[in-house]
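Observations on the model geometry
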Amino acid sequence: MGQDERKAFSEANSQGRVRLILQRFLPLVFLFLLGLVPRLIFQASYDRNLPFEAWENPKLDSWTFHIWAERIADGDVLSRNMIHPYHRWALAIATPQEWEEWYGKQTFHQAPLYPYLIGATYALLGKDPGTIHRLQAILGALLVPLLFSLTRTLFGTRAGLGAALLTAFYGPLILYENVLLRTSFLAFSFALLVFGSLKSLNRPGICWSLGLGLLQGLAILLKPTSLLFLPLTLFATVRLPQTGASSSSSSRATRAAAYLLFLLVPFIPVILRNTQVDAKTLGLTTRGPEVFVCGNAEGSTGIGWFPANTEEKLLHGHARTILRETRGKLFPTITETLKTHPSVGSYVMLLLGKVGALLSPLEIPNNINYYEIREAVPALGKIGFVTFSWVGPLALLGLFFALRKRSPGSGLLFCFVLIGFGSAAGLFVVGRFRVPLMPLVLPFAGLTLSILGTNIASLFHRTEKRRAILSLLLTGISVTVLAVGLGHIPVSYRIPSRSEALFGLGGSLHSAGKLLEADKLYADAQKSATEEPGVALHILLRRGALHLELRRPDAAATLLQAFFSTVTEERFILESSMLFSAHVTLGKAHRALGDSRLAALELSKAARLANLAPTLKEDVLQLLETWGENGVAERLKNE
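In this text, all values refer to a predicted model and were calculated from it rather than measured experimentally. Throughout this document, residue positions are counted from 1 along each chain, in the order its sequence is written. This being a predicted model, a pLDDT of at least 70 is required before a residue's local features are given, and a value of 80 or more before pairs of side-chain atoms are given or counted; all residues contribute to the totals for chains, interfaces and linings. To obtain the side-chain values, all non-hydrogen atoms of the structure were included, while hydrogens and water were left out.

Attention now moves to the overall build of the protein. Comment: elements are numbered from the N terminus, with helices defined as DSSP H or I runs of at least four residues and strands as E runs of at least two. Regarding its fold elements, the protein presents 32 helices and zero strands. Dimensions along the principal axes, computed over C-alpha positions, put the protein at roughly 115 × 65 × 60 Å. To sort residues, take the accessible area from a 1.4 Å probe on protein chains only and compare it with the maximum for the residue type: under 20% means buried, over 50% means exposed, and anything in between is partly exposed. Buried residues in the protein amount to 50% of all 639 residues. Between two residues, a contact is recorded if the distance between any of their heavy atoms is within 4.5 Å. Counting only contacts in the protein whose residues sit at least 6 apart along the sequence, the fraction spanning at least 24 positions is 71%. For accessible areas, the Shrake-Rupley method is used with a probe of radius 1.4 Å. Any residue's cover is judged against the shown protein chains and nothing else. A total of about 29800 Å² of accessible surface is found on the protein, and carbon and sulfur atoms cover 62% of it. If you average the places of the 62 positive and of the 45 negative side-chain charges in the protein, the two averages end up 12 Å apart. Charge assignment: positive for Lys and Arg, negative for Asp and Glu; neither His nor the chain ends contribute. Each charge is placed at NZ for Lys, CZ for Arg, CG for Asp and CD for Glu.

Time to look at helix α13 (residues 267-277). Within α13, the full set of buried residues consists of Phe 267, Val 270, Arg 273, Asn 274 and Val 277. The buried residues of α13 occupy one face: seen down the axis, they fall within an arc of 125°. Projecting away from the buried face of α13 at angles above 90 degrees are the exposed residues Leu 272, Thr 275 and Gln 276. Phi for Asp 278, located one or two positions after α13, is positive at around 65°. Our arc is simply the arc of the directions from the helix axis toward the C-beta atoms.

In this text, buried Ala, Val, Leu, Ile, Met, Phe, Trp, Tyr and Cys residues form a nonpolar core when linked through side-chain atoms within 4.5 Å. Counting 141 residues, the largest nonpolar core has Phe 42, Leu 50, Trp 99, Ile 373 and Val 391 as its most contacted members. What Leu 50 contacts, discounting residues up to four positions off in sequence, is Ile 373, Ala 376, Val 377, Leu 505 and Leu 521. Listed in part, the 16 residues of the second largest apolar core include Leu 541, Val 567, Ala 582 and Leu 586.

With that out of the way, let us pick up the environment of Gly 104. Within the element layout of this structure, Gly 104 appears in the loop between α4 (96-103) and α5 (113-125). Placed 154 residues apart in sequence, Gly 104 and Ala 258 show a C-alpha to C-alpha distance of 33 Å.

Looking now at the confidence of the model for the protein. As a per-residue measure, pLDDT reflects the predictor's confidence and takes values from 0 up to 100. Taken residue by residue, the protein gives an average pLDDT of 89. The fraction at 70 or more is 93%. pLDDT under 50 marks residues 242-246. Its contacts with residues more than four places away, or in other chains, come to four contacts.

What follows concerns helix α26 (residues 515-528). Because each turn of an α-helix spans 3.6 residues, side chains separated by three or four positions end up pointing in the same direction. For a helix, the expected span equals 1.5 Å multiplied by the number of residues minus one. For α26, spanning 14 residues, the distance from its first C-alpha to its last is 20 Å, which sits close to the expected 20 Å at 1.5 Å a residue. The inward-facing, buried residues of α26 contact α25 (498-511) and α27 (533-549).

Before going further, it helps to examine the side chain of His 341. Along the polypeptide, His 341 turns up in the loop between α16 (330-339) and α17 (344-359). For the purposes of these results, a polar contact is taken to be a pair of N or O atoms within 3.5 Å, where, inside protein, one atom must be able to donate a hydrogen and its partner to accept one; residues adjacent in sequence count only when each atom of the pair is a side-chain atom. At a separation of 2.6 Å, a polar atom in the side chain of His 341 contacts the main-chain carbonyl oxygen of Asn 296. In this view, His 341 contacts Asn 296, Ala 297, Glu 298, Ser 346, Tyr 347 and Leu 350; residues no more than four positions away in its chain are not counted.

Let us now look at empty space enclosed by the protein. Gaps left between atoms show up when a probe the size of a water molecule is rolled over them. Here a cavity denotes grid points, spaced 1 Å and computed from the protein atoms alone, that fit a 1.4 Å probe unable to get out, and a pocket denotes an open set having protein on both sides within 12 Å along at least 5 of 7 lines; residues with an atom within 4 Å of a point are the lining. Grid points are joined across faces, edges and corners, and a volume is the space filled by probe spheres set on the points. Considering all chains together, one arrives at one cavity of 30 Å³ or more under this definition. Roughly 150 Å³ of internal volume is contained in the largest cavity. Those elements giving two or more residues to the lining of the largest cavity turn out to be α9 (183-202) and α21 (408-426). At four residues, the largest contribution of residues to the lining of the largest cavity is made by α21. Looking at the lining of the largest cavity residue by residue, the classes come out as 10 nonpolar, four polar and one charged. Each residue is assigned to one class: nonpolar for Ala, Val, Leu, Ile, Met, Phe, Trp, Tyr, Cys and Pro, charged for Asp, Glu, Lys and Arg, and polar for all the others, Gly among them.

Once that is clear, we can look at the packing of α5 against helix α6 (residues 129-155). For helices, the axis comes from a line fit to the C-alpha atoms of the stretch in contact; other axes are also lines fit to C-alpha atoms, and the angle between any two N-to-C directions lies between 0 and 180 degrees. It is at 10 Å that the axes of α5 and α6 come closest, and there the two elements cross at 115°. Once α5 is placed against α6, the crossing between them reads as right-handed. Residues Tyr 114, Ile 118, Thr 121, Tyr 122 and Leu 125 of α5 touch α6, and the partners they reach there are Pro 129, Thr 131, Ile 132, Leu 135 and Gln 136. Class assignment of the residues belonging to the contact of α5 with α6 gives a composition of seven nonpolar, three polar and no charged. Each helix crossing is assigned a hand: it is left-handed if the near helix lies turned anticlockwise from the far helix by less than a right angle, otherwise right-handed if that turn is clockwise.

Let us now look at the packing of aromatic side chains. Note on aromatic pairs: the rings of Phe, Tyr and Trp (six-membered ring only in Trp) are paired at centre separations within 6.5 Å, and the planes decide the class, stacked below 30 degrees, edge-to-face beyond 60, tilted for the rest. By the definition in use, this model includes 23 aromatic pairs. Between the aromatic rings of Phe 563 and Phe 564, the centroid separation amounts to 5.1 Å while the plane-to-plane angle is 90°, which identifies the pairing as edge-to-face. Exposure remark for Phe 563: the relative accessible area of 0% places this residue in the buried category. For Phe 564, a relative accessible area of 18% corresponds to the buried category. Through successive ring pairs, a cluster of aromatic residues spans Trp 89, Trp 99, Trp 102, Tyr 103, Trp 305, Phe 306, Phe 428 and Phe 433.

For Asn 367, which is not glycine, the phi torsion reads 75° and is therefore positive. With respect to the secondary-structure elements, Asn 367 resides in the loop between α17 and α18 (370-376). Although it is not a glycine, Arg 406 sits at a positive phi angle of roughly 55°. Of note, Arg 406 is situated in the loop between α20 (388-405) and α21. On the basis of relative accessible area, Arg 406 is assigned to the exposed category, the value being 75%.

Attention now goes to the pattern of salt bridges. Definition used for salt bridges: Asp or Glu carboxyl oxygen within 4 Å of a side-chain nitrogen of Lys or Arg. Overall, the coordinates contain 17 salt bridges when judged by the stated rule. Lys 127 serves as the salt-bridge partner of Asp 74, at 2.3 Å between the closest nitrogen and oxygen. With Asp 74 in the loop between α2 (61-73) and α3 (88-93) and Lys 127 in the loop between α5 and α6, the pair connects residues that are 53 residues apart, well separated along the chain. Overall, the relative accessible area of 56% leaves Asp 74 in the exposed class.

Right, let's get into the packing of helix α7 (residues 157-168) against helix α23 (residues 438-458). Contact geometry of α7 with α23 gives a least axis separation of 7 Å together with a crossing angle of 120°. Relative to α23, the element α7 is oriented oblique. Note that α7 runs across α23; the crossing there is right-handed. Taking contact as the criterion, the partners of Arg 158, Ala 159, Gly 162, Ala 163, Leu 166 and Thr 167 in α7 are, on α23, Leu 442, Pro 443, Ala 445, Gly 446, Leu 447, Leu 449, Ser 450, Gly 453, Thr 454 and Ala 457. The residue makeup of the contact of α7 with α23, split by class, is nine nonpolar, six polar and one charged. For classification purposes, angles smaller than 35 degrees are called roughly parallel, those larger than 145 roughly antiparallel, those between 65 and 115 roughly perpendicular, and all remaining angles oblique.

Encoded structure:
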């Protein structure tokens, strides 16, 4: 071959490689951009429409992650000044000193990988949570081509495209990428675990074993319950292929050793840190015992975090008794919690209720409310139009189709789904715990879309038209029946009305100290509550208290007078605590306006309502004495 021929051959090879690279990667780049655009649109719309960030509210996990990351960025790399927030629910169970003894003062409050990633970003790019939101949006966009590749490996290109489209416009995932929570990182890590497991299953080798072990270790540091996936990833590593030299036992042992070695690598800095600060060597989180009591004790629905209707029995009863008896140790707490049930059937029914809540289309709120944000930021409902009400029925039907094929890959993914949803049901159910599990079910939903697409394409072939019509009808009916069935699962939560949603968001702004912004949302909620007098009462009461904080006593008095007028007109029978708050607030407003007589009158009414709660009455009496109304206070003491 001459020099010219060799040059031409080399150029042809280069052009062929370029074409091959473009054919492989351009679709993935397109899918990434398809996922990124709606995320950027939502974040821009959020910034314009809603002056609220979850990390500004000290009651939320986002605030804890933010403060923890700030301390890391400021130089506390070992987290010696560990943050353990003690919220109202925690103080109802035990004192901060007791919690500190149970936790261990230096134990990580939650798994450390996410706050350390935020801390590193703060140190490099500045302490702006918005930067984390944008990085999480990029991660969510990367999830689109990743799930396309994962699903294509299992079920083909059409299924991959279906899964990618559902991921690109999945509303709850888009929302949580804009919150300082590890939800988006968990979703991406679970997708990587499945993708790595499938690759290791099909092409066993040392490199895949090392990578999969590292991914599994990082996932555990992101959330310790990811440890439950370890048997699946280890199985994918050591499973013998059908043929080839690598099927020898020595090769399998080598892959297992490589997997375990790199599984331990991420734990090295954790062990060194814990040793340095005198914490438990493998201590990753303080959370667990109280979470298990909340979701599994007798009397719990397993839905939401210590809901108000079960608070007395759970928070002040089971949780306080069990955690003090077990001193916050996980396994004794699990044992004592299960003992609260009168029978095995009682606990089984609780678990079934939690599984039902996981399959329900409702996004049960925790830290942030999907429905509230959707009302305040309409872009979320428009570009994030895919929800679990779509994905659930499609995935269940796709699961049926996949299991009929009996391939090792779909069987492995099914096991990931069982463990993921099982671990979520084993604790307590909220929407943000289901969102990270979507990469495990979206491939099955993509398979159903693929089958529907194939049937639609077959309608244009005369010989296959009849079979395609029948298949489309059966598939469509099945999806509809599943959607209706999942939508009727009884769950102790309902979608809030517009007024309730705006009122809830206003409360979040109020708690964060953004009073003017909160009042605007309260006002919008009040306008929307014309047909909901019960909701309107709560808004009037909260707005009245807010206007007192804004030093607008005249507006506060007007709102509270409207509150009592509504109670009279609608003949509402309210809880004493609500009437108590209304009288105290109106009394403070009259006092600020200089009318001591009316102020004392309102506090006298509040004190009489508080007879069933002596501490509340004492607060009123103390306030009266502070105002110099000693005579009124003395008279109330003697009643």
